[in-house]
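# Chains, contacts and geometry: an overview
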Amino acid sequence: MKQFEANFDGLVGPTHNYAGLSFGNVASYSNAAQASNPKAAAKQGLQKAKALADLGMVQGVLAPQERPDLCTLRRIGFSGSDAEVLQKAAKQAPALLNACCSASSMWTANAATVSPSADTRDGKVHFTPANLVDKLHRSIEPLTTGNILKATFNNDRHFKHHLHLPEHANFGDEGAANHTRLCSDYGKAGVELFVYGQSATNPNAPKPVKYPARQTLEASQAVARLHQLEDESCVFMQQNPDVIDQGVFHNDVIAVGNQNVLFYHEQAFLDTESKFAEIRRKMNAEMHFIKVSTAQVSIDDAVRSYLFNTQIITLPNGEMAIVAPTDCQENPAVFAYLNELTTLGTPIKQVKYFDVKQSMQNGGGPACLRLRVAMNELEVAAVNQNTLMNDMLFGRLNTWVEKHYRDRLTVADLADPQLITESRTALDELTQILKLGSVYQFQK
Ligand SMILES: NCCC[C@H](NC(=O)CCC(=O)O)C(=O)O
C-alpha cells in the first residue's frame with residue numbers, strides 16, 4: 001500500500017494582525033502594532049500549499065477560526081448586541097479584545113499532535129488538539145480546532161479524535177511544533193520524539209528564566225498515553241532552556257525532522273548525545289542527524305531567519321527537499337549554509353524558497369503553517385476530499401480571499417463591528433467550499 005505524509009496548512013483568517021500577543025516570540029513582539037495585510041497573508045499561504053501539491057505532495061487545508069471571538073468576550077462579561085460587545089471590550093479592555101481577534105489558528109503546527117496508525121496500538125490515526133494554555137489568545141482555539149479536525153478527518157474507522165488536555169499550566173501543550181515523528185518509511189512504525197520545555201512537577205529540573213517554557217513533559221507523556229504509543233517508540237527530550245530564553249519558543253524554531261533525518265542546531269537540546277543514542281536504539285534503522293553549529297549559524301540568525309522552521313519533505317522521487325522562507329535567502333550566514341547543505345551528501349538535495357513574510361512577522365514560518373499527517377492510501381481516501389489542494393480548490397480559495405479579505409488591518413480596526421460581518425460571511429462560505437458542516441459557534 002502507498003504511504004504519504006500529508007501537510008495540512010492553516011488558512012489565514014480575515015483578522016490576521018500584529019498585536020504583539022506572544023511574550024517570548026521575538027517577531028510577535030517586535031512587529032507589534034504594525035499594519036498587516038490579511039489578503040496577502042492568505043495568498044502567500046495558498047501559494048506555498050499549491051506549490052507543494054504541484055510537487056506531487058498530498059496537501060490539504062484547515063479552516064481558520066471565528067474571530068472576533070464573541071463567545072469568549074461574552075463569557076468574560078461583555079454584553080449587548082455583537083457590536084456593543086466589541087465596542088465595550090475595545091474601550092474597557094483592549095488587550096482582551098486583541099486576544100479575541102488573533103488569526104493565530106493559521107499556525108496549524110500548534111493545532112494538534114498527530115500519531116500515524118503505524119505507531120498506535122489500535123491502528124488508527126490519533127489527534128489531540130493542543131490546549132495552548134500559555135497564551136490567552138491561543139488558549140481559546142482547542143475546541144474549535146477539534147471541530148475542524150473532526151470535519152476534515154471525518155471517518156471513525158481510521159481517525160481517533162481526543163479532547164485537548166486539561167487546561168492547566170502543568171499540561172501546557174503546543175502540539176506538533178514540539179513533536180517529530182522519525183521513521184524509515186512513513187508507513188512503518190517509527191519513533192515519536194516529544195520535546196518539552198520544562199517538567200511541571202519536578203521543581204529542580206532545568207527551566208528558562210526569562211521566557212516561558214510552553215510545553216511540559218507531563219503534557220507530552222499524556223499525549224503519548226492517549227495515542228496508545230509503546231514506550232519503546234517514544235523519546236522525551238528536553239529543549240535547552242537557554243535557547244528558549246533567546247526566542248526559541250517552540251522546538252520547531254530550532255530543529256526539524258523528516259523520516260530518518262533530524263536537522264538541528266547544536267544548542268537545541270539538553271543531554272543531546274544520550275537522547276540521540278536512545279533514538280538510534282529505538283529506531284532500529286539508519287538515522288541522519290544533521291547538526292548545525294553555532295559557528296555556522298548563531299541562535300540569533302536561526303531565530304531571525306527561521307532556518308529550522310523549514311519543512312523537510314520527501315518528494316515523489318525519494319529525494320528530500322527543504323522548504324524555507326525567503327528570509328533565509330536574505331540572511332548571509334544562513335543562505336551560505338543552505339547552499340552548502342545540498343552538497344553535503346545528506347538526503348536533503350534541494351532548497352525551495354517561499355515568501356511567507358506576513359506570517360513570519362508574527363513568528364510563524366513554513367513549518368508553523370502546516371500540520372503533518374502521515375497516512376496510507378486508504379486513510380487519504382477517508383479524509384474529507386474537499387479539503388485537499390488541487391487546481392480547482394486553489395482557484396476557489398483565491399477568489400474567496402479576493403472577495404472577503406482586507407488588504408490592511410491595524411489593531412485599531414479590530415473594534416470595527418463590520419469586521420464581525422465580514423469574517424462570518426467569509427467563514428460561512430468557506431464551510432460550504434470545504435463541506436465542513438457547522439464548525440463555528442455563529443453557525444450553531
Ligand atoms: N508556530 C508559530 C506560532 C506563532 C504564534 N504567534 C502569535 O500568536 C502572534 C500573534 C500576535 O502577536 O498578534 C505564537 O507565538 O504562538
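Quick notes on the rules
Residues numbered from 1 in each chain as written. Predicted model: local features only at pLDDT ≥ 70, side-chain atom pairs only at ≥ 80, totals over all residues. Heavy atoms only, no water. Helix = DSSP H or I, 4+ residues; strand = E, 2+ residues; numbered from the N terminus. Buried < 20%, exposed > 50% of the residue type's maximum accessible area, 1.4 Å probe, protein only. Contact = heavy atoms within 4.5 Å. Areas by Shrake-Rupley, 256 points an atom, 1.4 Å probe, with all protein chains shown as cover. Phe/Tyr/Trp six-rings, centres within 6.5 Å; stacked < 30°, edge-to-face > 60°. Lys NZ or Arg CZ within 6 Å of the ring centre and 35° of its normal. pLDDT = per-residue confidence, 0-100. Near = heavy atom within 4 Å. Polar contact = N/O pair within 3.5 Å; in protein donor to acceptor, adjacent residues only side chain to side chain. Nonpolar A, V, L, I, M, F, W, Y, C, P; charged D, E, K, R; others polar. Pairing = 2+ DSSP bridges. Axes fitted to C-alpha atoms, helices over the stretch in contact; angles between N-to-C directions. UniProt positions renumbered as here; feature names shortened; annotations may be inferred. Core = buried A, V, L, I, M, F, W, Y, C linked by side-chain atoms within 4.5 Å.

## Points about the overall build of the protein
Along the backbone of the protein there are 17 helices and 15 strands. Burial analysis of the protein (444 residues in total) assigns 61% to the buried set. The contacts of the protein with a sequence gap of at least 6 include a subset with a gap of at least 24, amounting to 77%. When the accessible area of the protein is evaluated, it comes to approximately 16500 Å², of which 48% is carbon and sulfur surface.

## Quick word on the packing of aromatic side chains
Under the criterion given, the structure shown has 16 aromatic pairs. Geometrically, the ring pair formed by Phe276 and Phe289 is stacked, given 4.0 Å between the ring centres and 10 degrees between the ring planes. Highlighted residues: Phe276 in helix α10 (residues 272–283) and Phe289 in strand β11 (residues 288–292), separated in sequence by 13 residues. The buried category is assigned to Phe276, whose relative accessible area is 2%. By relative accessible area, Phe289 is classed as buried at 17%. Among the aromatic residues, those joined into a ring-pair cluster are Phe8, Phe127, Phe153 and Phe159. Lying across the ring of Phe394, Lys50 places its NZ or CZ 5.4 Å from the centre.

## Observations regarding the confidence of the model for the protein
The predicted coordinates should not be examined in detail at positions where pLDDT is low. Confidence in the prediction for the protein averages 97 pLDDT; 100% of positions are at 70 or higher. Taking the mean pLDDT of every element in the protein, the minimum, 96, falls on helix α1 (residues 26–30) and the maximum, 99, on strand β4 (residues 125–129). Both scores are available for the predicted complex, with the pTM at 0.98 and the ipTM at 0.99.

## What to know about helix α7 (residues 142–152)
One turn of the α-helix equals 3.6 residues, which is why residues spaced by three or four share an orientation. α7 sits mainly inside the fold: eight of its 11 residues count as buried. Those residues of α7 that sit buried are Pro142, Thr144, Thr145, Gly146, Ile148, Leu149, Ala151 and Thr152.

## Some remarks on the site of the ligand
Taken together, the neighbourhood of the ligand is formed by 19 residues, with Leu21, Ser22, Ser28, His137 and Cys368 sitting nearest. Within the contact set of the ligand, an oxygen atom lies 2.9 Å away from a side-chain nitrogen or oxygen of Arg138. Bound to the protein, the ligand loses 100% of the 430 Å² it would expose on its own. Residues that form the shell around the ligand fall into these classes: six nonpolar, 11 polar and two charged.

## Points about the sheet that holds strand β9 (residues 255–258)
What the three strands build is an open sheet, ordered β9-β10-β11; its pairing is mixed. Two strands close off the open sheet at either side, each with one partner strand: β9 and β11. Each adjacent strand pair in this sheet contributes to an overall mean axis angle of 10 degrees, direction not counted. Here four bridges tie β9 to strand β10 (residues 261–265), and the two strands are oriented antiparallel to one another. Within β10, the residue paired with Ala255 across the bridge is Tyr264. Along the sheet face, helix α13 (residues 332–341) touches β10 and β11 and points at about 150 degrees away from the line of β11.

## Remarks on the UniProt feature "active site" (unreviewed entry) in the protein
UniProt feature "active site" (unreviewed entry): in the numbering of this structure it lies at Glu174, His250 and Cys368. For this annotated set, covering 195 residues, all C-alpha atoms fall within 11.2 Å of each other, a compact arrangement in space. Within the secondary structure, His250 sits in the loop between α9 (241–244) and β9. By relative accessible area, His250 is classed as buried at 1%. Of note is the side chain of His250, whose polar atom sits 2.8 Å from the side chain of Glu174. By the element assignment, Cys368 lies in the loop between α14 (357–360) and β15 (370–376). Residue Cys368 is classed as buried on the basis of its relative accessible area, which comes to 3%. Contacts of Cys368, omitting those with residues within four sequence positions, involve Met106, Trp107, Thr108, Ala109, Asp252, Tyr306, Asn309 and Gly363.

## Here we look at the nonpolar core
Formed by 77 residues in total, the largest nonpolar core has its most connected members in Phe8, Phe153, Phe269, Ile279, Met375, Leu397 and Leu434. Leaving out residues up to four positions away in the same chain, Phe153 has contacts with Phe8, Leu62, Phe127, Phe159, His161, Val373, Met375 and Val383. Counting residues in each nonpolar core, the second largest holds 19 residues, with Val261, Phe263, Ala302 and Met320 among its members.

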